[in-house]
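# Structure assessment
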Amino acid sequence: MSYGQGGPQSQWDPWKPHSQQPWNSGEDDGTPDWAALAEASETRNKRRKLLFIAGGALATVAIGTAVAVAVVSANGGDPEAGPSTLPATASLPGTGTATPSFEPTSAPPPLNPADFISSAKKDTAPLGPDTLFPGKQLTLGDAVYTKGATDDTSACASVAGGTLPGVLTANGCTRLLRATYTHGDIAVTVGVAVFDDAARAARVKAQTDDRSIVRSLFGKDGVKPFCDGAFCRSTRNAYGRYAYFTISGFTTGKDVTKKDTAVFGAGNGLAQFTVNRIHRRGQEQAEAAAR
C-alpha cells in the first residue's frame, strides 16, 4: 500500500489559507523547499507590479478624458475650432461698457492779440522802426525791395502833409514812425502813427481823406527824392491803436497814373506788411502773457 496516491495532488498557494505545501518527491525530512518558496515570492512581486501599472494607466486615461472634455467645451463643442475668442460683450474683471468719467475741466480761452495792441496800458513791448520794420529787404510778389531810411518822431504833424497834421494833433498822436523801401525807380514810404487807444486811431481813419498824406522819407541811405511835387499814390488805414499810411511814387520825378500798377502793388504790399507786423506784435505779447 502506497501513500500520496489515489487523487489529485493539492496545489500550495502561499496566498490561500489551508492550502498544503508541496514537498519534493524525496523523503519527507521536514525541510522546506526553499526554491519553491523563492519562486512563489517572485511571482507575487510580478503580480503586484502588474497591478500598479494597470492602475496608473487607468488613472492617466481618466485624466486625459477630463482634459479633452474641458477643451471641447471651451471651443464650443468643435475640437477643430482652435482657441476660442471672447465676444465683444464678455464680462471680465475691470471691464465694461460704461464710459469713464472725469472731473469737468475748462482750458482758458486763448488771449486775443488785438487786446494787446488796442491800449497803451497793455501794449508795452519795445517799439521802434526796427521792431515794426525788421530786416534789410522785403519781398513783394516777384520784386525785392530794399529798406532804406527810417525815422521816429513824437512831433507827428511835422512829418505829415495835406489835411493829416491837424487830424493827428486833434486825436493825440504820440509818435510817428517811418521807413522807406525802394525797388528800381519805385519808392514807398510807410508811416505808422501811434495813439493811446484804438478809439483814437479809428477816428483818425474816419477823419482823413485823399489829401491826408505822410511825407516821403528820402535823402538818407541813398534814397533819391520822390513824391516831392509829383503826383503820387497814398493809402490810409488803422488797426488797434495804430493808424498807418503809405505814399508811393517814382524816384525819377514822374507822376503816378492809374496805369502804373507796379506802384499801386508796392503801396498795397507795404500796407499789408505793416498791418501784419502790428498784428504780430499783438501775438507776441499775448503769447508772453499766457506763459
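Right above here is the structure, for reference.
Anyway, here's the lowdown on the structure attached to this text. (Residues numbered from 1 in each chain as written. Predicted model: local features only at pLDDT ≥ 70, side-chain atom pairs only at ≥ 80, totals over all residues. Heavy atoms only, no water.)

Right, let's talk about the environment of Ala120 for a bit. Structurally, the position occupied by Ala120 is in the loop between helix H2 (113-116) and helix H3 (129-132). Sequence separation between Ala120 and Asp197 is 77 residues, and the spatial gap between their C-alpha atoms is 6.2 Å. Apart from residues lying up to four places away in sequence, Ala120 is in contact with Asp196 and Arg241. (Helix = DSSP H or I, 4+ residues; strand = E, 2+ residues; numbered from the N terminus. Contact = heavy atoms within 4.5 Å.)

Let's shift gears to the sheet that holds strand S8 (residues 242-250). With antiparallel pairing, six strands are arranged side by side in an open sheet as S1-S2-S4-S5-S8-S7. Sheet topology places strand S1 (137-140) and strand S7 (233-239) at the edges, where each strand pairs with a single neighbour. For this sheet, the mean angle separating the axes of adjacent strands, direction not counted, is 25°. When strand S2 (residues 143-153) meets strand S4 (residues 175-183), the two strands line up antiparallel, connected through six bridges. Paired with Asp151 across the bridge in S4 is Arg178. (Pairing = 2+ DSSP bridges. Axes fitted to C-alpha atoms, helices over the stretch in contact; angles between N-to-C directions.)

As a further point, take the nonpolar core. A general feature of soluble globular proteins is that nonpolar side chains tend to end up buried together. If you look at the biggest cluster of nonpolar residues, it comprises 27 residues, and the most contacted ones within it are Phe133, Tyr181 and Leu270. Elements with a contribution of two residues or more to this core: S1, S2, S4, strand S5 (186-194), S8 and helix H6 (261-290). Considering each element in turn, this core owes the most residues, seven residues, to H6. Those residues in contact with Leu270 that sit more than four places away from it in its chain are Leu138, Leu140, Tyr181, Val188, Val190 and Thr246. Membership of the second largest hydrophobic core comes to 20 residues, among which are Val159, Leu168, Ala187 and Val223. (Core = buried A, V, L, I, M, F, W, Y, C linked by side-chain atoms within 4.5 Å. Buried < 20%, exposed > 50% of the residue type's maximum accessible area, 1.4 Å probe, protein only.)

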